[in-house]
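# Coordinate inspection notes
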Amino acid sequence: MEDLTLYYLPTCPYCLKVLHFMENRGIVINLKSTTELENQKRLLEVGKKNQVPCLFIDGKPLYESNDIMEYLGQRFSATI
């Protein structure tokens with residue numbers, strides 16, 4: 001199983017879209033709010049962008065809410 005971490009901003013509509021998608025499907029992964037400076041710094045260090053939502057898959061960033069939801073939907077379809 002991959003190491004999955006979602007970086008998000010609680011006020012971002014695209015982040016909320018992904019979080020609601022996950023909640024509706026019972027998908028539970030690591031969440032990191034970029035309201036915490038440490039998480040924001042990590043997002044910039046690893047992803048080289050301050051863009052959320054960002055799903056790190058084994059340390060590699062995936063951006064864009066629709067792409068993230070598509071990945072998570074496929075990844076967790078067998079387990080839901």
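As a reminder, the structure under discussion sits directly above these lines.
Calculation criteria
- Residues numbered from 1 in each chain as written.
- Predicted model: local features only at pLDDT ≥ 70, side-chain atom pairs only at ≥ 80, totals over all residues.
- Heavy atoms only, no water.
- Helix = DSSP H or I, 4+ residues; strand = E, 2+ residues; numbered from the N terminus.
- Buried < 20%, exposed > 50% of the residue type's maximum accessible area, 1.4 Å probe, protein only.
- Contact = heavy atoms within 4.5 Å.
- Pairing = 2+ DSSP bridges.

### A word on the environment of Cys54
For Cys54, the position within the fold is in strand β3 (residues 54-57). Take Cys54: its relative accessible area is 0%, and that puts it in the buried class. Spatially, the C-alpha atom of Cys54 lies 20 Å from that of Ser77, the residues being 23 residues apart in sequence. What Cys54 contacts, discounting residues up to four positions off in sequence, is Thr5, Leu6, Tyr7, Leu43, Pro61, Leu62, Tyr63 and Ile68.

### Focus: the pairing of β3
Of the two faces of β3, the one carrying Cys54 and Phe56 and the one carrying Leu55 and Ile57 are both buried. Here strand β1 (residues 4-8) runs beside β3; their pairing, made up of four bridges, is antiparallel. In the sheet register, Tyr7 faces β3, and the bridge partner there is Cys54. Both β3 and strand β4 (residues 60-63) contribute to a ladder of four bridges, which runs antiparallel. Bridged to Leu55 within β4 is Leu62. Between β3 and the antiparallel strand that follows it, β4, lie two residues; Asp58 among them carries a positive phi value of about 50°.

### Topic: unusual backbone geometry
The linkage connecting Val52 with the following residue, Pro53, adopts the cis geometry, with an omega of 0°. Mapped onto the secondary structure, Pro53 falls in the loop between α2 (37-47) and β3. Even without a glycine there, the phi angle at Asp58 is positive, about 50°. Relative to the elements of secondary structure, Asp58 occurs in the loop between β3 and β4. In this structure, Glu64 takes a positive phi of about 80° despite not being glycine. Tracing the backbone through its elements, the reader meets Glu64 in the loop between β4 and α3 (65-76).

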